[in-house]
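# Structure at a glance
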Amino acid sequence: MNLCDIREVRALLGRHGFHFSKSLGQNFLVADWVPRQIAEAGGGDQTCGVLEVGPGIGCLTRELCQQAAKVVSVELDPALPPVLAETMAGAGNFTLISGDILRLDVPALVEEHFQGLTPVVCANLPYNVASPVLKALVEAKRFRTITVMVQREVALRIAARPDTRDYGVLSVYMQYHTRPEILFDVPPECFLPAPKVTSSVIRCQVRETPAVSPACGEEFFFRTVKAAFALRRKTLCNSLCTAFGSQLGKDGVAEAIARCGLSPTVRGEALGMEAFASLADCLWGALAKK
């Protein structure tokens, strides 16, 4: 069965009485070059165990099973396991887990299914949960690489550099933990049903150690980052006051910014990773004196 042939896909879905769910962000691939290139980009081989989120009817899953030692796919929609039982029949290295990836214990899943293998992620993520799923996969601290297809705007945010429109909390978070690289775009006509947006495949090489190591620790570092982007159109000082103004006052926040050598009119989106680390440590030190 050709899972990228629209006629065969429609017949398959009809046999199982399947209907697309907008709430689950379902768009199935119907261009055979896309799952092939995603699987190749994922870098899975016979030393790897691949975690896939949202297998759909299994077109990417099949490609992954041909490359990797083992593939574990997590699917939320209870209507799809019967479909996958048909399309993945005979794939001895495939395991399906019915459930919500955001509610599963991902480290425990990896320990159970990928013993002796290098865990990687390769998936066509549902659009509506891409960001929280990425964060859950990063926080699991188990994967060598995370290669996913997401909306192009999400990929641009992940890979964005300082002083650009797309740069924000997600950019800093993903670049703190990984080295992201946008690989290629996928137009809407490659899907059934066709979405209204272009998609992109992005590979995130997980860092062995974070990009920076602020003395204040990771939790306070990201508290600072989130505060810096709280009021994007305002100065960094005004934005930081949303989180630290009640303790330090505006003058105290301004002093911490000045100690970092930053302009009093700078905005949060201008700061790179090192600048954020320095700022977080200055704020931490100022709060410690209170």
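Residues numbered from 1 in each chain as written. Predicted model: local features only at pLDDT ≥ 70, side-chain atom pairs only at ≥ 80, totals over all residues. Heavy atoms only, no water.

## Focus on the packing of aromatic side chains
The cut-off we apply is this: Ring pairs are drawn from Phe, Tyr and Trp, using the six-membered ring of Trp, whenever the two centres fall within 6.5 Å, and their geometry is named by plane angle: stacked under 30 degrees, edge-to-face over 60, tilted for the rest. Here a helix means four or more residues in a row that DSSP labels H or I, a strand means two or more in a row labelled E, and each is numbered from the N terminus. Residue exposure (1.4 Å probe, protein chains only): buried if accessible area is under 20% of the type maximum, exposed if over 50%, otherwise partly exposed.
Across all of its chains, the model carries 12 aromatic pairs by this definition. An angle of 50 degrees between the planes, with centres 6.0 Å apart, marks the rings of Trp33 and Phe184 as tilted. Taken together, the positions of Trp33 in helix α2 (residues 33-42) and Phe184 in strand β7 (residues 178-186) put the pair 151 residues apart, joining distant regions of the chain. Residue classification places Trp33 among the partly exposed residues on the basis of a relative accessible area of 26%. With a centroid separation of 5.0 Å and 80 degrees between ring planes, the pair formed by Phe221 and Phe222 is classed as edge-to-face. According to the relative accessible area criterion, Phe221 is buried, its value standing at 0%. The class of Phe222 is buried, set by a relative accessible area of 9%.

## Section: the pattern of salt bridges
Where charged atoms from two side chains of opposite charge come close, those side chains can pair. Spelled out, the test is: We count a salt bridge whenever a side-chain nitrogen from Lys or Arg sits within 4 Å of a carboxyl oxygen from Asp or Glu.
Taken as a whole, this structure holds 7 salt bridges when the rule is applied. Salt-bridge contacts for Arg152 lead to Asp185; the nearest nitrogen and oxygen are separated by 2.9 Å. With Arg152 in helix α7 (residues 152-159) and Asp185 in strand β7, this residue pair connects regions lying 33 residues apart in the sequence. Taking relative accessible area as the criterion, Arg152 reaches 29% and is therefore assigned partly exposed. With a relative accessible area of 34%, Asp185 lands in the partly exposed category. Taking the shortest distance from any N to any O, the salt bridge between Glu181 and Arg203 comes out at 3.4 Å. Placement of the pair is Glu181 in strand β7 and Arg203 in strand β9 (residues 199-206), with a sequence separation of 22 residues. The partly exposed category is assigned to Glu181, whose relative accessible area is 42%.

## A closer look at the pairing of strand β4 (residues 94-98)
Where we set the bar: At least two bridges found by DSSP between two strands is the condition for calling them paired. A clockwise path from the first strand over the helix to the second, with the strands pointing away from the viewer, defines a right-handed crossover.
Where strand β3 (residues 70-75) lies against β4, 5 bridges are found, and the strand directions are parallel. Bridge pairing links Val74 to Ile97 in β4. As for the winding sense of the linkage, the β-α-β connection from β3 through helix α4 (residues 81-87) to β4 is right-handed.

## Points about the sheet that holds strand β2 (residues 48-53)
As a reminder of what qualifies: What counts as an axis is a line fitted to C-alpha atoms, over the stretch in contact for a helix, and the angles between N-to-C directions run from 0 to 180 degrees. Residue contacts are counted whenever heavy atoms from the two residues lie within 4.5 Å of one another.
On the basis of which strands lie adjacent, the open sheet formed by 7 strands has the order β4-β3-β2-β5-β6-β9-β7 and mixed pairing. Sheet topology places β4 and β7 at the edges, where each strand pairs with a single neighbour. Pairwise comparison of adjacent strand axes, ignoring direction, gives a mean angle of 20 degrees for this sheet. Here 4 bridges tie β2 to strand β5 (residues 118-124), and the two strands are oriented parallel to one another. From the neighbouring strand, Leu51 faces β5, where its bridge partner is Val121. With respect to the sheet, helix α6 (residues 130-140) is in contact with β2, β5, β6 (145-151) and β7, its orientation differing from that of β6 by roughly 175 degrees.

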